[in-house]
Amino acid sequence: MESYKLRAQCQGHSGDVRSVDVQRLGNDESFASGSRDKYMRIWKLGDNSINRIFQSELHQKYIGAVVWTSSENVATACQDGFVRIFTHSEEMPFQSFKAHSENVSCIEYSATNKLLITGSWDKTAKVWEENQCIYELKGHSAAVWCVAVVEDVDSMYVLTGSADKKIFLWKKDCCVQKYEGHTDAVRSLLVLSSNEFLSASNDASIKHWSIKGDCIATYYSHENYIYSLTQLSNGFASCGEDRSVRIWQFQRKDLKRQAECIQIIRHPAISVWTVGSFSNDDIVTGSSDGILRIFSKDVSRQAAEDVQMAFQDEVIKVEVAVQQQNDEIDIKNLPGPESLLEPGTRDSQFKIINENNERICYSWSASKQEWEKIGNVVGVNDKNKQCSSGKEYMGKRYDFVFDVDVQEGLPPIQLPFNEGDDPYMAAQKFLTENELSQHFLDEVANFIIKNSNWNATKLQSSSSSSYVDPFTGAGRYVPSGNAATTTSASKYFPQTNPVRIEQANIKGIVAKLKDFNAKLPSELSVTSDALDSLEGLMLGTSETNADRLLAILATTMHWPNEYIFPVLDLLRLAVIEENFTQKLVDTLTPLGLTELLKKYFIPSAGVVNVMLSTRIIANLLTSTIGKKIILPEVDTILLTVIDIIENCKNSSDSQRKQLNIALSTVLLNISVLNMQHDFSMETKASMLDIIRSLLENCSDQESQFRILVALGTMLQEGRMKLVALSLEFTPLLNNLKKVSDPEKLGHCAEDLLKALGV
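Residues numbered from 1 in each chain as written. Predicted model: local features only at pLDDT ≥ 70, side-chain atom pairs only at ≥ 80, totals over all residues. Heavy atoms only, no water.

J.: Hey, could you go over the overall build of the chain for me, with residue numbers and the actual values?
T.: For the chain, the count of helices and strands is 19 helices and 35 strands. Across the 758 residues that make up the chain, the buried fraction comes to 57%. For the chain, restricting intrachain contacts to residue pairs at least 6 apart in sequence, the fraction spanning at least 24 positions comes to 53%. Of the roughly 32100 Å² that the chain leaves accessible, carbon and sulfur atoms contribute 45%. (Helix = DSSP H or I, 4+ residues; strand = E, 2+ residues; numbered from the N terminus. Buried < 20%, exposed > 50% of the residue type's maximum accessible area, 1.4 Å probe, protein only. Contact = heavy atoms within 4.5 Å. Areas by Shrake-Rupley, 256 points an atom, 1.4 Å probe, with all protein chains shown as cover.)

J.: With reference to specific residues and values, describe the pattern of salt bridges.
T.: For the structure shown, the criterion picks out 22 salt bridges. Where Asp281 meets Lys297, a salt bridge forms, and the shortest distance between an N and an O atom there is 3.9 Å. Here the residue Asp281 occupies a position in the loop between strand 26 (272-277) and strand 27 (283-287), and Lys297 occupies one in the loop between strand 28 (291-296) and helix 1 (305-327), the gap between them amounting to 16 residues. With relative accessibility at 8%, the residue Asp281 sits in the buried group. Its relative accessible area of 34% is what places Lys297 among the partly exposed residues. Across the pair Lys519 and Asp515 runs a salt bridge whose closest N-O atoms are separated by 3.8 Å. Here Lys519 and its partner Asp515 are both found in helix 5 (residues 506-519), 4 residues apart, which amounts to about one turn of the helix. Among the ionic contacts, a cluster of salt bridges with common partners joins Arg7, Asp282, Asp298 and Arg301. (Salt bridge = Lys/Arg side-chain N within 4 Å of Asp/Glu carboxyl O.)

J.: Kindly report on the packing of aromatic side chains, identifying the contributing residues and their values.
T.: Considering all chains together, one arrives at 18 aromatic pairs under this definition. One aromatic cluster is present, built from ring pairs that chain together Tyr219, Phe236, Trp248 and Phe250. Its guanidinium or amino end placed over the ring of Tyr62, Arg36 lies 4.2 Å from that ring's centre, counting from NZ or CZ. A cation over a ring is seen here: Arg257 above Phe250, with NZ or CZ 4.1 Å from the ring centre. (Phe/Tyr/Trp six-rings, centres within 6.5 Å; stacked < 30°, edge-to-face > 60°. Lys NZ or Arg CZ within 6 Å of the ring centre and 35° of its normal.)

J.: Can you break down the pairing of strand 17 (residues 174-180) residue by residue, with the values?
T.: Across 6 bridges, strand 16 (residues 166-171) lies against strand 17 in antiparallel orientation. Across the sheet, Leu169 pairs through a bridge with Gln177, a residue of strand 17. Where strand 16 hands over to strand 17, the hairpin turn is made up of 2 residues, of which Lys172 adopts a positive phi near 55°. (Pairing = 2+ DSSP bridges.)

J.: Lay out the environment of Thr160 with the relevant residues and their values.
T.: Note on placement: Thr160 falls in strand 15 (residues 156-162). Its relative accessible area of 0% is what places Thr160 among the buried residues. Setting aside anything within four residues of it in sequence, one finds Thr160 in contact with Ala125, Leu137, His140, Val144, Cys146, Val147, Lys166, Ile167, Phe168, Trp170 and Leu189. A polar side-chain atom of Thr160 sits 2.7 Å from a polar atom in the side chain of His140. (Polar contact = N/O pair within 3.5 Å; in protein donor to acceptor, adjacent residues only side chain to side chain.)

J.: An account of the sheet that holds strand 10 (residues 104-110) is needed here, citing residue identities and associated values.
T.: Strand order in the open sheet made by the 4 strands is 10-11-12-13, with antiparallel pairing throughout. Both edges of this open sheet fall to strand 10 and strand 13 (132-138), since each of them pairs with a single strand only. Taken pair by pair, the neighbouring strands of this sheet meet at an average axis angle of 20°, ignoring direction. Bridging between strand 11 (residues 115-120) and strand 12 (residues 124-129) involves 4 bridges; their strand directions are antiparallel. What sits directly across from Thr118, in strand 12, is Lys126. (Axes fitted to C-alpha atoms, helices over the stretch in contact; angles between N-to-C directions.)

J.: Tell me about the environment of Lys123, and name the residues and values.
T.: With respect to the element layout, Lys123 can be found in the loop between strand 11 and strand 12. Here the alpha-carbon distance between Lys123 and Ser162, two residues 39 residues apart in the chain, equals 7.9 Å. Apart from residues no more than four positions distant in its own chain, Lys123 is found in contact with Leu137, His140, Ser141, Ala142, Ala143, Val144 and Lys598.

J.: Outline the sheet that holds strand 14 (residues 144-151), listing residues and values.
T.: If you trace the 4 strands from one edge of the open sheet to the other, you get 14-15-16-17, paired in antiparallel fashion. Both edges of this open sheet fall to strand 14 and strand 17, since each of them pairs with a single strand only. Going from strand to strand, the sheet's axes swing by 20° on average, the running direction of each strand aside. Where strand 15 and strand 16 come together, 5 bridges link them in antiparallel fashion. Across the sheet, the residue bridging to Leu159 is Leu169, located in strand 16.

J.: Talk me through the confidence of the model for the chain; I want residue IDs and the actual numbers.
T.: Model confidence for the chain is summarised by a mean pLDDT of 83, while 83% of its residues fall at 70 or above. Across residues 379-389, where pLDDT falls below 50, the model places 22 contacts with residues more than four positions away in sequence or in other chains. Predicted confidence is poor over residues 456-488, with pLDDT under 50, and the contacts of this stretch with residues over four places away or in other chains come to 91 contacts. (pLDDT = per-residue confidence, 0-100.)

J.: Quick one: what's the story with the side chain of Ser287, residue by residue and with numbers?
T.: Mapped onto the elements of the fold, Ser287 is located in strand 27. Not counting residues within four places of it along the chain, the set of residues in contact with Ser287 comprises Asp16, Val17, Ala269, Ser271, Val272, Trp273 and Arg293.

J.: Describe the nonpolar core, listing the residues and the values that go with them.
T.: Within the largest apolar cluster, 111 residues are counted, with the highest numbers of intra-cluster contacts made by Phe580, Leu688 and Ile691. With residues up to four places along the chain from it excluded, the contact list for Phe580 reads Ala546, Leu549, Leu550, Leu553, Leu571, Ala574 and Val575. Counting residues in hydrophobic clusters, the runner-up holds 14 residues, among them Tyr4, Val245, Val275 and Ile283. (Core = buried A, V, L, I, M, F, W, Y, C linked by side-chain atoms within 4.5 Å.)

J.: Which residues make up helix 19 (residues 743-755), and what are the values?
T.: Every α-helix winds through 3.6 residues per turn, so residues three or four apart in the chain are directed the same way. Here helix 19 is 13 residues long and its end C-alpha atoms lie 18 Å apart, about the 18 Å a rise of 1.5 Å per residue gives. Among the residues of helix 19, Leu745, Gly746, Cys748, Ala749, Asp751, Leu752, Leu753 and Ala755 are the ones counted as buried. Contacts from the buried residues of helix 19 go to helix 16 (701-714), helix 17 (720-726) and helix 18 (730-736). After helix 19 finishes, the residue Gly757 shows a positive phi value of roughly 75°. (Expected span 1.5 Å × (residues − 1).)

Next up, the structure:
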């Protein structure tokens, strides 16, 4: 059986390629792509080339998905909530409409019924006829990540997959079937027939379902999130966060049709976001490096041998960089040539061996059933020298190997750690490998920090300017550990503790509450004695104080918008105390509290109320209970921040300054939360996009400084540097590095430029 190999590639976009869709309604040698660079483009294939034949206007926000709606028209789903439909002869859309209140994450088209289906972070999917919504599909408790159309003989059904881990089947606007089994967000759906479909998830599995609700099989091969599926003539292809596309073939086993992964196509990119297929089974991929790649198993359509070798060299550089960072390629610990006698477990599997005291890389060829020599692994430091004074764990040297007692009566578990590592990443790895609860993350990380005397200036760095992309001729960033990535230590970031906004004039707050209380009807007012006691209550932390304060807020939180701001300011101070926050949650439930905040954390609530509710969120992020409340709402909060930035530009200078400080503090505290919980790639990329947007629209220096620290904290994960560069932070940072008063702002900007290798 022939293996897929590179046919052609081109630098399709300046940002991540988030979606591709092949034209199947006419000439299927063309396809559309949508990107984080805000452009939709249409491409036509040559023999060994990809030629652009159309580019849309610049969208307001990034494009999450594209779909052909006719042989000439393409619809785009955008982060700004709009759907736009283009004909490939006009760069402006001939139709544009607001489809959702939040990011439109997915879009599909039913050619039979001439209907458009969209899904969104607003937790809904919608069915559209022209630009009119004919069905709204409500039921998911989290973002809808994917939709698919199931066309039966006499009716149309819609499948929706969500971050709530569930899949729903809809007839019109009624849910007629639910599918549960995934343990993380459902990211892609592929309908195989009117009787069965596939689902792919962040849990790294692909599930095969009957439409009636039975899980026929679960397929494993990917090592990380799976983002996209596409159908082939006798199987399907999948792609994901493990830098690969995987080819699956259906086979009969025990009279059942099941799929097996028969090939892995590694990519020299952080994420392979999307994969599409042509009628001849060639596939197209879009990834985080902005490059579009076509692969074919037909030898006559494959690229020349030198192009194939250059592509493999680039893949190997990334693989070695990742292994260098994660596994410490110590030549003494590498296996010898005898290890090549053992067959590989998957196609394109890499193995580095000690051959005549040199590090040599081999790749497993599934079609030839042999290890193929790739070449020497160069530029790898002998890290054993760095750790010679440390301790050994599992055959490697570490600066520290801690004994951690996890349960009384059981022996301690060893936790290895090097000074250059991130304590939270080390703690997360320890919890995952030992199947321990996420509840212990902060505790384990703080244990590491305390016992290793860790600080941010110990972060490892490596730099080189010699790497050149053999296809684009330019140096570009690859996953952390690659020679093209430079990490520079800074005293300003990463931020490891969230920041509170606790300065307040309590007497002024109480006076304003008394003033408004006197103007309101009796059913909305509280007693004078209760308000007289407020100042004393705010200075104490006892359980009685919390109960009395909660009783006051139970009434005042229902005050009208024009009177609510001192109540929000009071709540902002109160949630700093864990005891009060717990009682508030017990009274309102976490959902009730978040719904209360959403009422005022929107531009229409007025800039003062928005600013104060933003401060409440910032302070909630400083407590353990508050973090649990905010964590499930991070994506929604980030989207609202975008709206606030856009809609509050015309506020007075003083109001805008206070709002920017509150927003920058929220972003800073969310960046700290990310270090502890490692958000999805989408959330992290959105976070950087919002950081840039606020930085562009912010002139006060304290806000700018907090935004820069948030950026530096997000950049502790090497792959986020590529996202930051694609968002063009460099000009903004070059301007800010010139600031000498306060000097911390200029110095922090300079440190960020070093961290980005600029």
